[in-house]
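If you want the building blocks of each chain, they are given just below.
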Amino acid sequence: MTQNIIINGSDSFDFEVNIPADKSITHRAIIIASMYESKIRIINPLLADDCLSTIEVMRQLGATIKEEDANLIIMGKSYKNFSQPKEKIYAGNSGTLMRLVSGLLSMQDFSSEIYGDKSLMNRPMERICKPLREIGCKLDTFNGSPPIKFYPSSEKKSFEYENTLASAQVKSCMIFAAICLQGKSIIKEQIATRDHTERLLSYLDYPIKKVDNNICIIGQGDINPKEIKIPNDISSAAFFIVAALIKKNSRLTMKNINYNDRRIGIIKVLKEIGAKITIDNKRTETNDTVVDITSQYSQLESVNINGEIISDLIDELPILFIVCAACNGISQISNIEELRYKESDRIESMEKGLNLLGIKTESTQDSIKIHGGKLKGGIVDSCGDHRVAMAFSIAALISEKPITILNTKNISTSFPNFLDLLIEIGAELYES
Ligand code: S3P
């Protein structure tokens, strides 16, 4: 993980940029299609490192997955009859993959072990292991972190579970577990989180229903195999939405962006502080909302947010911190402890970088205050975190001097053509 980049600003820009497909939905589409013995075509999947890891894992479990003209053709193997992997399962950098697939591995009649790269080996896994143990699964972690070892168990049974942590990954892990079990399971969410797993399963006519905050899943149901079309990723679009907002005389349009209610916290917050963002062509595709988004340079006020909105913009916080640095006044963002458990401790990595660029910050375990000001330029470490690296790349479009960003290789985990798009909109960029 060594690639470094230097970005020496850009002129103003006015373009349409092609944002890659949604990572969360691609993971789920690959996993679900791999669980059934029917042929499913996935159109416009994200073929970034994290999703390539998911493809490899599902192949190890027995699915046949082919790439054809940038689409995926999946012939699954029943989850009741997965193959036992010959080797330890590698989840790369992807917490989503590790947590989601654990719902399936914990249900198998064979032992297995899953591990990841250096960053993933430090991420918390008790959040999924505890509820899985409570429903009778046998599994171990290393002090709450990976590797996770799964053992066969005859005590597993359908369940009622209340998701107290606002985590779509925990919820989805439990949905996959529920599918494998006989009978009805219910998952209750205290705070609503992204519902891509539920939407995809419903789209494929799986017996899953949401009543108020309760998700009701009938175990061992069937699907009706259909083509799955993946919309583009609002979390990736967010970097370019902000680029246009903070760069004078600039405008960018992004088409076919997923506009799921639980993913658009960033749009709501940006609009509240004065962002000129227009949403066009709203439509429904594959049981989710899709739109075109245009954003243009705007005078932005400071940000003050906390509470339930945080889970609707959790992945956009690094780029929102850049907005806070670029606007006038002091911004305050609270209830963000979860940010400390992402691909890096994002409060720490962002704070260190912002300070090096001349921006004053104050933080606690679960909050940050950012004093808006001039971004001076300098050398920042992204700590191998894709979203931190991309956030500072966007900051470099408006900094007084160039910004050098260290350890940017993991940008390819979610947005392989990010640097190409930056160059396309006119950034002066050098790789070293
Ligand atoms: C994701 C859920 C979120 C998010 C992650 C992707 C998903 O994580 O931060 O990038 O696809 O389910 P948590 O479930 O930990 O909040």
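If you're wondering where the values come from, they're calculated on a predicted model, not measured in any experiment. (Residues numbered from 1 in each chain as written. Predicted model: local features only at pLDDT ≥ 70, side-chain atom pairs only at ≥ 80, totals over all residues. Heavy atoms only, no water.)

**Concerning the domain arrangement of the chain**
For the chain, the assigned domains read domain 1 (5-21 + 232-431) and domain 2 (23-229). Each partner contributes residues to the interface: domain 1 has 29 residues there, and domain 2 has 30 residues. Buried surface at the junction of domain 1 and domain 2, both sides included, amounts to about 2,400 Å², of which 46% is carbon and sulfur. Among the residues of domain 1 in contact with domain 2, Thr286, Asn287 and Thr413 are the three that bury the most area, contributing 23% of the side total. At the junction of domain 1 with domain 2, the criterion picks out five salt bridges. For Lys229, the salt bridge is made with Glu285, and the minimal N-O distance between the two is 3.6 Å. Where domain 1 touches domain 2, the interface holds 14 residue pairs in polar contact (both at pLDDT 80 or more). In terms of residue class, the side of domain 1 that touches domain 2 is built from six nonpolar, eleven polar and twelve charged. (Domains from an automatic or database assignment. Contact = heavy atoms within 4.5 Å. Buried area = accessible area lost by both parts, 1.4 Å probe. Salt bridge = Lys/Arg side-chain N within 4 Å of Asp/Glu carboxyl O. Polar contact = N/O pair within 3.5 Å; in protein donor to acceptor, adjacent residues only side chain to side chain. Nonpolar A, V, L, I, M, F, W, Y, C, P; charged D, E, K, R; others polar.)

**As for the packing of helix α7 (residues 234-246) against helix α9 (residues 317-326)**
One way to put it is that α7 packs onto α9 with a least axis distance of 10 Å and a crossing angle of 10 degrees. Taken together, α7 and α9 sit at an angle that is classed as roughly parallel. Contact residues: α7 offers Ala238, Phe239, Val242 and Ile246, while α9 offers Ile319, Ile322, Val323 and Ala326. Classifying every residue of the contact of α7 with α9 by side-chain character gives eight nonpolar, no polar and no charged. (Axes fitted to C-alpha atoms, helices over the stretch in contact; angles between N-to-C directions. Helix = DSSP H or I, 4+ residues; strand = E, 2+ residues; numbered from the N terminus. Parallel < 35°, antiparallel > 145°, perpendicular 65-115°, else oblique.)

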